[in-house]
Amino acid sequence: MGTATACRWQERWREQMVDMAARSDTPYWNRRAADYDDFITTSRFDYGGRMAELLAAEGMLAPHSSVLEIASGVGAVTLPLARLAGRVTAVEPARSMADLLAKNAATAGLDNLDVAVEDFASFAAQAPDASYDMVFLCHAAWQFPDIAGLIQEMSRLSRGWCCLADTMGQGDAEHREMQQKLAIDTPTLDRSLYLYNVLSEMGLPASLAPVRHVMRRSADSARSMWTNLVSKYRDVSAGDEQTINEFVAARSTDGVYETPGAMALMWWRVQ
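Everything numeric in this text was worked out from a predicted model, so none of it was measured.

**Student:** How do you make sense of the overall build of the chain when you look at a structure like this?
**Tutor:** A count of helical and extended segments in the chain gives 11 helices and eight strands. Relative to the 2.2 N^0.38 estimate, which gives 18 Å for 271 residues, the radius of gyration of the chain is 18 Å and therefore close to what a compact globule would have. Considering the chain as a whole, with its 271 residues, one finds that 53% of them fall into the buried category. When contacts within the chain are restricted to residue pairs at least 6 apart in sequence, those whose partners lie at least 24 apart make up 80%.

Take a look at the structure:
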């Protein structure tokens, strides 16, 4: 991706995201694939469905639309997009995630999906300008410390719309408390605020809409999620396991762990 002139918000983003991107690498997401799939399927693709419906209502997504989704994971947004678009190309570097995406698409009876198992930079290097009606990235901008470079490539590949979505605010207060109990030092910035301001710095004023949803997953998936998160920073101790078990048990009903969530969906038109 091309080098962009660094500005205040872009530099602050880079400083916060370099370590996070390095710790949350492709092997990490291969380990997380099963518990993340549990989260997305138990939640019935909730936030992705809400986003796709909003984009369709705004006239940006239609049965003829071709969509590129970056860092698609197991299909949280991919499948809802595919239900409303003509064709979706999903780029996902983690093989285990991509395999579950293909499985979820087959289960849903969707055959208008193409999955490229590679990193976005490699994919974009071979892709012509203005190849898609929409380019979409959800909840994975932290993978790109060079956020301006990512946005430039998204805009280059689109002939219509680009969309970014990320957590609104600093996330769930109980989760922040849990991270403190586990002594996990993760970035606490409001990523959607940073992204919105980066777009403004780049002369790309974006529209924004909140997307409120409920995150549901099995208690086993929640324990796996927290255990894997700790493992990014240190070996998981018996004390960590006890803290995790108590936290998940207190927030689970009939074996389902549930927390509210809010994301910001931003979009801009390519000129």
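Back to the write-up after that little detour.
**Student:** Explanation requested: the nonpolar core in the structure shown.
**Tutor:** Soluble globular proteins tend to pack their nonpolar side chains together in the buried interior. The biggest cluster of nonpolar side chains holds 80 residues, and the ones touching the most others in it are Tyr47, Met51, Phe136 and Leu265. By size, the runner-up hydrophobic cluster in this structure holds 13 residues, among which are Ala219, Met225, Trp226 and Val230.

**Student:** Looking at this model, I keep getting lost on helix α10 (residues 219-231). Mind explaining?
**Tutor:** Since there are 3.6 residues in each turn of an α-helix, residues three or four apart along the chain are aligned in direction. Taking 1.5 Å of rise per residue, 13 residues should cover 18 Å, and α10 covers 18 Å from first to last C-alpha, within 8% of that figure. Here α10 has its buried residues at Ala219, Ser221, Ala222, Met225, Trp226, Asn228, Leu229 and Val230. Looking at the packing, one finds that the buried side of α10 touches α2 (26-42), α8 (173-181), β6 (207-218), α11 (238-250), β7 (252-253) and β8 (256-269).

**Student:** What is the right way to read helix α7 (residues 147-157) from this model?
**Tutor:** Of all 11 residues that make up α7, nine are buried, and the element is covered over most of its length. Every buried residue of α7 is accounted for by Ile147, Ala148, Gly149, Leu150, Ile151, Glu153, Met154, Ser155 and Leu157.

**Student:** Looking at this structure, how should I read the packing of aromatic side chains?
**Tutor:** Aromatic ring pairs: the centre-centre distance and the angle between the two ring planes describe each pair. Summed over all chains, the structure comprises 10 aromatic pairs. With a centroid separation of 6.5 Å and an interplanar angle of 40°, the aromatic rings of phenylalanine 39 and tyrosine 47 are classed as tilted. Like tyrosine 47, phenylalanine 39 is buried. When the centroid spacing of 6.4 Å and the interplanar angle of 50° are considered together, the rings of phenylalanine 247 and tyrosine 257 count as tilted. Taken together, the positions of phenylalanine 247 in helix α11 and tyrosine 257 in strand β8 put the pair 10 residues apart, joining distant regions of the chain. Pairwise contacts between aromatic rings join Tyr28, Trp29, Tyr36, Phe39, Tyr47 and Trp142 into one cluster. Across from the ring centre of tryptophan 9, 5.6 Å away, lies the NZ or CZ of arginine 8, which sits over that ring. Sitting over the face of the ring of tryptophan 9, arginine 12 holds its NZ or CZ atom 4.7 Å from the ring centroid.

**Student:** What should I look at first to understand the packing of helix α1 (residues 8-23) against helix α9 (residues 191-201) in this one?
**Tutor:** A packed helix pair is summarised by two numbers, namely the angle formed by the two axes and the spacing between the axes. Relative orientation of the contacting elements α1 and α9 amounts to 140°, with a least axis distance of 9 Å. Overall, the two elements α1 and α9 adopt an arrangement that is oblique. Crossing hand, α1 versus α9: left-handed. Contacts between α1 and α9 involve Arg8, Trp9, Gln10, Arg12, Trp13, Met17 and Met20 from the former and Arg191, Leu193, Tyr194, Leu195, Asn197, Val198 and Glu201 from the latter.

**Student:** Even after reading the chapter, I still don't get the packing of α10 against α11, so can you show me in this structure?
**Tutor:** The interhelical angle for the contact between α10 and α11, taken along N-to-C directions, is 145°, at an axis separation of 10 Å. Once α10 is placed against α11, the crossing between them reads as right-handed. Counting all contacts with α10, which are made through Ala219, Ala222, Arg223, Trp226, Thr227 and Val230, the residues of α11 involved are Asp240, Ile244, Asn245, Phe247 and Val248. Broken down by class, the residue content of the contact of α10 with α11 amounts to seven nonpolar, two polar and two charged.

**Student:** What's the story with the pattern of salt bridges in this structure? I'm lost.
**Tutor:** Between side chains of opposite charge, a pair can form when the charged atoms approach closely. Enumeration according to the criterion identifies 15 salt bridges in this entry. We note a salt bridge from arginine 159 to aspartate 133, for which the minimum N-O separation is 2.9 Å. Taken together, the residues span a long stretch of sequence, with arginine 159 in strand β5 (residues 158-167) and aspartate 133 in strand β4 (residues 132-138) at a distance of 26 residues. Among the ionic pairs, arginine 216 bridges to glutamate 258, the shortest N-O distance being 2.9 Å. Placement of the pair is arginine 216 in strand β6 and glutamate 258 in strand β8, with a sequence separation of 42 residues.

Reading the values: rules and limits
Residues numbered from 1 in each chain as written. Predicted model: local features only at pLDDT ≥ 70, side-chain atom pairs only at ≥ 80, totals over all residues. Heavy atoms only, no water. Helix = DSSP H or I, 4+ residues; strand = E, 2+ residues; numbered from the N terminus. Rg over C-alpha atoms; globule rule 2.2 N^0.38 Å. Buried < 20%, exposed > 50% of the residue type's maximum accessible area, 1.4 Å probe, protein only. Contact = heavy atoms within 4.5 Å. Core = buried A, V, L, I, M, F, W, Y, C linked by side-chain atoms within 4.5 Å. Expected span 1.5 Å × (residues − 1). Phe/Tyr/Trp six-rings, centres within 6.5 Å; stacked < 30°, edge-to-face > 60°. Lys NZ or Arg CZ within 6 Å of the ring centre and 35° of its normal. Axes fitted to C-alpha atoms, helices over the stretch in contact; angles between N-to-C directions. Parallel < 35°, antiparallel > 145°, perpendicular 65-115°, else oblique. Left-handed = near helix turned anticlockwise from the far one by under 90°. Nonpolar A, V, L, I, M, F, W, Y, C, P; charged D, E, K, R; others polar. Salt bridge = Lys/Arg side-chain N within 4 Å of Asp/Glu carboxyl O.

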